[in-house]
Each structure stands twice: as structure tokens, then as C-alpha cells.
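The chain contents come next:
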Amino acid sequence: DIELIPDGSTVAAFIKEAKWDEGREEDGYPNFIKIQWMVEKPEELARRVVFQKLWVKAPDPKAKDSAKADAKRDKALATLATIDANAGGKLASNGGEPNDDQLALALQNKEMVISVKVWEMGDAKGNWVSAIRPKGTELKVPETKEAKGGNTSKDIDDDIPF
């Protein structure tokens, strides 16, 4: 039971791992770049991890149609370009498709600022990266109900003994 990073947070993080990964068999094993972000600041969220998939090569199998798949790929390519620019631009200067070693060398351990949202599917919840910004961008963590003291609604209990 890992606590989620509050929805709408902006945190300082670095890429702990960046590598190519293979999708599921039922989707035809499409390749994507898997990124593992490690939060550094603020201190109360430090050491939390957020995973990100960038479908820069193959279409995202969850896309409803080819137009949406193309749009998602374009967004993934723009996101990778932003990450690379914030990390020093080594991927762009290499040209061509990077291998795992080039991804690691160019992207890992470079601090950036990420905006984090919460996703929900049925009973499952998790965090996802909604934006990447340069190091030095202002950090923020919205207050949650739990931080304010939990549920503030008044419970009425008919079994009160007085």
C-alpha cells in the first residue's frame, strides 16, 4: 500500500531508469520506452516512484483508432524531446534510434520537474506524468482531505447511548 502522490503535484525528480521494453503478447509485443522517475523533493514525497511509457515507435495498443494512436505517438515523441532537452540534448545530437545504453547515458540521473496526476481504473489507482519542466520550476503539492484532517462530514449514528 504505497501512498499516491497527490493529484496536481509538481515535484523535482530524476530518471532512475530509461530503457526499451516490450508490450504484451496479445498486442503483438510493441516496443516502447519505459521510464522510471524517482521523486527527490519535496521531502514528504521523496523516494516515491512514477512510471511512464512513451510509445514513440509503435502505436499505443490502448488507442481507440489509428488517428488517436498517431496523436499519442506524436505526443510521446514531443515528451521524449522535452526530456532530452532538459537532460542536455544528447539523444537529439546522436541522431537515429537510441539503444538502451544511449537512453541510460543521456537521460538517467538528470533532475527535472514533473507534474503528476492520478489515474483510476475500477478499484486500481496510480500516478502518471502529465508534464515535464526544466529543473528550477516551482514545486507544489496540493492539500488533500487527509492532510486537512480527513473526512470533515459529520457522521450521524442512531446508536448513541444518550
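K.L.:
Which residues make up the confidence of the model for the chain, and what values do they have?
P.N.:
On average, residues of the chain carry a pLDDT of 86, and 86% of them reach 70 or more. Within the chain, helix H2 (residues 90-94) has the poorest average pLDDT of any element, 89, and strand S1 (residues 9-22) the best, 96. Below a pLDDT of 50 lies the segment residues 149-162, which in the model reaches one contact outside its immediate sequence neighbourhood of four places, other chains included.

K.L.:
I'd love a proper account of the packing of aromatic side chains, names of residues and values included.
P.N.:
Under the definition given, this model contains one aromatic pair. Arranged with centres 4.7 Å apart and planes meeting at 45°, the rings of Phe32 and Trp55 form a pair that is tilted. Of this pair, Phe32 sits in strand S2 (residues 31-41) while Trp55 sits in the loop between strand S3 (49-54) and helix H1 (66-87), and the two are 23 residues apart along the sequence. Given the relative accessible area of 4%, Phe32 is considered buried. Its guanidinium or amino end placed over the ring of Trp20, Lys57 lies 5.4 Å from that ring's centre, counting from NZ or CZ.

K.L.:
Which residues make up the layout of surface pockets, and what are the values?
P.N.:
Roughly 1300 Å³ of internal volume is contained in the largest pocket. Along the wall of the largest pocket there are 36 residues; nearest its centre are Phe51, Gln52, Lys53, Trp128 and Val129. Elements that contribute at least two residues to the lining of the largest pocket include exactly S2, S3, H1, strand S4 (111-121) and strand S5 (124-133). Sort the elements by how many residues they give to the lining of the largest pocket and S5 lands first, with eight residues.

K.L.:
Could you give me a rundown of the pairing of S4, with the residues and numbers involved?
P.N.:
In terms of strand pairing, S1 meets S4 through six bridges, oriented antiparallel. By the bridge assignment, Phe14 is partnered in S4 with Glu111. Note: S4 against S5, nine bridges, orientation antiparallel. Looking at the pairing, Ser115 lines up with Ala131 of S5.

K.L.:
Lay out helix H3 (residues 100-107) in plain terms, naming residues and giving numbers.
P.N.:
Taken together, the buried positions of H3 are occupied by Leu103, Ala106 and Leu107. Buried residues of H3, viewed axially, fall in a sector of 80°; they line one side. Structural note: H3 exposes Asp101 and Leu105 on the side pointing more than 90 degrees away from its buried face. Elements that come into contact with the buried residues of H3 comprise S1, S2, H1 and H2. Where H3 begins, the side chain of Asn99 points an oxygen toward the backbone nitrogen of Asp101, at a separation of 3.0 Å. The positive-phi residue at the C-terminal boundary of H3 is Asn109, with phi of around 65°.

K.L.:
Please give an account of the environment of Asn127 that cites residues and values.
P.N.:
Here Asn127 lies in strand S5. Taking the C-alpha atoms as reference, Asn127 lies 6.1 Å from Val50; in sequence the two are 77 residues apart. With sequence-adjacent residues up to four places away left out, Asn127 is seen in contact with Leu4, Ile5, Val50, Phe51, Val116, Lys117, Val118 and Trp119.

Quick notes on the rules
- Residues numbered from 1 in each chain as written.
- Predicted model: local features only at pLDDT ≥ 70, side-chain atom pairs only at ≥ 80, totals over all residues.
- Heavy atoms only, no water.
- pLDDT = per-residue confidence, 0-100.
- Helix = DSSP H or I, 4+ residues; strand = E, 2+ residues; numbered from the N terminus.
- Contact = heavy atoms within 4.5 Å.
- Phe/Tyr/Trp six-rings, centres within 6.5 Å; stacked < 30°, edge-to-face > 60°.
- Buried < 20%, exposed > 50% of the residue type's maximum accessible area, 1.4 Å probe, protein only.
- Lys NZ or Arg CZ within 6 Å of the ring centre and 35° of its normal.
- 1 Å grid on protein atoms, 1.4 Å probe; cavity = no way out; pocket = protein on both sides within 12 Å on 5 of 7 lines; lining within 4 Å.
- Points joined across faces, edges and corners; volume = space filled by probe spheres on them.
- Pairing = 2+ DSSP bridges.
- Arc of directions from axis to C-beta.
- Polar contact = N/O pair within 3.5 Å; in protein donor to acceptor, adjacent residues only side chain to side chain.

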